Amino acid sequence: AIQMLGQKYFYGLGLQKDVRRAVELWTEAAELGSILALHNLGYACVPGKGVEKDMTKALQFWTKAAMQGHAESRYNLGCDEFQKENYHRAARHYLISAKMGHKDSIENIKKLFMTGFVTKEQYDDALKGYQDAVEEMKSHDRDEASALMKS
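Residues numbered from 1 in each chain as written. Predicted model: local features only at pLDDT ≥ 70, side-chain atom pairs only at ≥ 80, totals over all residues. Heavy atoms only, no water.

Draft legend 1. Region of interest: the pattern of salt bridges. The tally for this structure, following the rule as stated, stands at seven salt bridges. The shortest N-O distance in the salt bridge between R89 and E81 comes to 3.3 Å. Its relative accessible area of 43% is what places R89 among the partly exposed residues. Exposure remark for E81: the relative accessible area of 9% places this residue in the buried category. With its nearest N and O atoms 3.5 Å apart, the salt bridge here joins K138 to E135. Overall, the relative accessible area of 53% leaves K138 in the exposed class. (Salt bridge = Lys/Arg side-chain N within 4 Å of Asp/Glu carboxyl O. Buried < 20%, exposed > 50% of the residue type's maximum accessible area, 1.4 Å probe, protein only.)

Below is the structure:
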């Protein structure tokens, strides 16, 4: 609940936008174990929204969240390694997040496969892991909720 309240302050959803308050709430939520709050704190550190701009801190938050199973944070770590031209390290992050159902990770693994940084076996393994994760997340209730959101 604290993390969600932070989201509302960060984006100004039903409340007056207050990025600093959002960061305070996310910090509290992270201390209470919210993985999403860790991810959001990392997100805030990249451009310096509500906190000092600090890529090192962002990576620390994303590493904590990724170690607890947050796919987007794991993907962000892969993107950072890719930008640093550490393609094999990037691939490892993308492989993990792809197996959690993260679609952009599969796309990046495909690019790394096409350039020779990922083997066909790794690409196939990631694709199968991704498909298994997506299949596992399917449910009738989820489909109904999605249909309601679109109408």
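Draft legend 2. Representation of unusual backbone geometry in the model. Its identity as a non-glycine residue notwithstanding, E85 has a phi of 65°, on the positive side. Position of E85 among the secondary structure elements: in the loop between α5 (71-83) and α6 (87-98). (Helix = DSSP H or I, 4+ residues; strand = E, 2+ residues; numbered from the N terminus.)

Draft legend 3. Looking closely at the packing of helix α7 (residues 103-114) against helix α8 (residues 120-137). Between α7 and α8, whose axes approach to 10 Å, the crossing angle comes to 165°. Considering their axes alone, α7 and α8 lie roughly antiparallel with respect to each other. By crossing handedness, the relation of α7 to α8 is classed as left-handed. Note on element contacts: α8 touches α7 through K120, Y123, A126, L127 and Y130, opposite K103, I106, I109, K110 and F113. For the contact of α7 with α8, the residue count by class is seven nonpolar, no polar and three charged. (Axes fitted to C-alpha atoms, helices over the stretch in contact; angles between N-to-C directions. Parallel < 35°, antiparallel > 145°, perpendicular 65-115°, else oblique. Left-handed = near helix turned anticlockwise from the far one by under 90°. Contact = heavy atoms within 4.5 Å. Nonpolar A, V, L, I, M, F, W, Y, C, P; charged D, E, K, R; others polar.)

Draft legend 4. Broad picture of helix α1 (residues 2-11). The set of residues buried in α1 consists of Q3, G6, Q7 and F10. Along α1, the residues classed as buried sweep out an arc of 105° about the axis, all on the same side. Where α1 is buried, its residues contact α2 (19-31) and α3 (35-45). (Arc of directions from axis to C-beta.)

Draft legend 5. Here's a closer look at α8. Taking 1.5 Å of rise per residue, 18 residues should cover 26 Å, and α8 covers 26 Å from first to last C-alpha, within 8% of that figure. Of the positions making up α8, those classed as buried are Y123, A126, G129, Y130 and A133. Across the axial projection of α8, the buried residues extend over an arc of 130°, all falling on one side. Away from its buried face, by an angle of more than 90 degrees, α8 presents the exposed residues K120, E121 and E136. Each element contacted by the buried residues of α8 is listed here: α6 and α7. (Expected span 1.5 Å × (residues − 1).)

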